[in-house]
Amino acid sequence: MQHALTRKLESFEPLSDQARWALNGLVIKVRQVGARQDLIQEGDKPENVLLILDGFACRYKVLPDCQRQIMALLVPGDFCDLNVFILDEMDHAIGTISTCQVVDIPRQAIDETATHHASIARAFWWCSLVDGAVLREWLVNIGGRLPAPRIAHLFCELLMRLEAVGRVTDNSYAFPLTQTEIAETMGLSDVHVNRTLGDLRALGLIHLKQRVLTILDVERLKAFCDFTPNYLHLRNTRWGERRDLSWPGRAEGG
């Protein structure tokens, strides 16, 4: 069975059997890390590339008042940063949200694999560019959308990112974030998140129970938050094959 990294890269770039074999060679030593543990701290000197093979992790900073801001969610198949070893020291921390399977990949192994397989090199570049696109969309989301569409947009994004790596069943996926972690991700208070989740439930858009999120009506949820998936650049998925990126019937949220 293909691991999450191969599945993710193939959503960007078709890979040969030889390229898949080379990727398997990167995933050798897998370690399990418990929930809410730091993988690397701000100020540390990075040496290896971290790959999340299973579970949820995040990129975050802690403010002087001890409030945390989550700047990215990392899901199966995500590198924490392909070029992180270039930095003298980390300017942010990376921590787990749920129990994770993590792979530490030496820089040399990344360089050699990309050198010998042009398709993998292109897919690696694609990953880096998409990471930047997701960050831009998050800035728009937090700065420009009301709370309910803001959270709905995150749910739509995770649906597509997780489906690309085989982690979605009948529009349901694991969602280990607490309300506090949603607040830290979306720039909201815990109380506001609680109320907003209740609004989305009342509209019949989502069901969230026992850390599993089900999107009850994908098209309505996309319309509600004006979700356009082009920034994820998922070519070889059902979302990438869609040509009509407009979602009629946009509803107001608040």
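Note that this is a predicted model, so its numbers are computed, not measured. (Residues numbered from 1 in each chain as written. Predicted model: local features only at pLDDT ≥ 70, side-chain atom pairs only at ≥ 80, totals over all residues. Heavy atoms only, no water.)

> So what about the packing of helix 6 (residues 179-186) against helix 7 (residues 190-202)? Which residues, and what values?
Packing of helix 6 against helix 7 brings their axes to within 8 Å, and their N-to-C directions diverge by 105°. Compared by their axis directions, helix 6 and helix 7 come out roughly perpendicular. In this structure, helix 6 uses Gln179, Thr180, Ile182 and Ala183 to contact helix 7, whose residues at the interface are Asp190, Val193, Asn194 and Leu197. Classifying every residue of the contact of helix 6 with helix 7 gives four nonpolar, three polar and one charged. (Axes fitted to C-alpha atoms, helices over the stretch in contact; angles between N-to-C directions. Helix = DSSP H or I, 4+ residues; strand = E, 2+ residues; numbered from the N terminus. Parallel < 35°, antiparallel > 145°, perpendicular 65-115°, else oblique. Contact = heavy atoms within 4.5 Å. Nonpolar A, V, L, I, M, F, W, Y, C, P; charged D, E, K, R; others polar.)

> Summarise the side chain of Arg150; cite the residues concerned and give the values.
Examined against the element boundaries, Arg150 turns out to sit in helix 5 (residues 147-164). Buried and unpaired, Arg150 has no salt bridge, with Glu137 as the nearest side chain of opposite charge at 11 Å. Discounting chain neighbours no more than four positions away, the residues touching Arg150 are Asn141, Ile142, Arg145, Met186, Gly187 and Leu188. (Buried < 20%, exposed > 50% of the residue type's maximum accessible area, 1.4 Å probe, protein only. Lys, Arg positive; Asp, Glu negative; His and termini not counted. Salt bridge = Lys/Arg side-chain N within 4 Å of Asp/Glu carboxyl O.)

> Kindly report on the side chain of Thr214, identifying the contributing residues and their values.
Position of Thr214 relative to the elements: it lies in strand 11 (residues 212-215). Exposure remark for Thr214: the relative accessible area of 16% places this residue in the buried category. Within the structure, the side chain of Thr214 is placed 2.6 Å from the side chain of Ser172, a separation counted as a polar contact. In this structure Thr214 touches Asp170, Asn171, Ser172, Leu205, Ile206 and His207, once residues within four positions along its chain are discounted. (Polar contact = N/O pair within 3.5 Å; in protein donor to acceptor, adjacent residues only side chain to side chain.)

> I'd like a rundown of the sheet that holds strand 9 (residues 172-174), residues and numbers included.
Each strand in a sheet pairs with its neighbour through backbone hydrogen bonds, running either in the same direction (parallel) or in the opposite one (antiparallel). Strand order in this open sheet of three strands is 9-11-10, and the pairing throughout is antiparallel. At either end of the open sheet lies a strand with only one pairing partner, and these are strand 9 and strand 10 (206-209). When the angles between neighbouring strand axes are averaged without regard to direction, this sheet yields 15°. Note that strand 10 and strand 11 share four bridges and pair antiparallel. Each residue of the ladder has a partner; that of Ile206, found in strand 11, is Ile215. (Pairing = 2+ DSSP bridges.)

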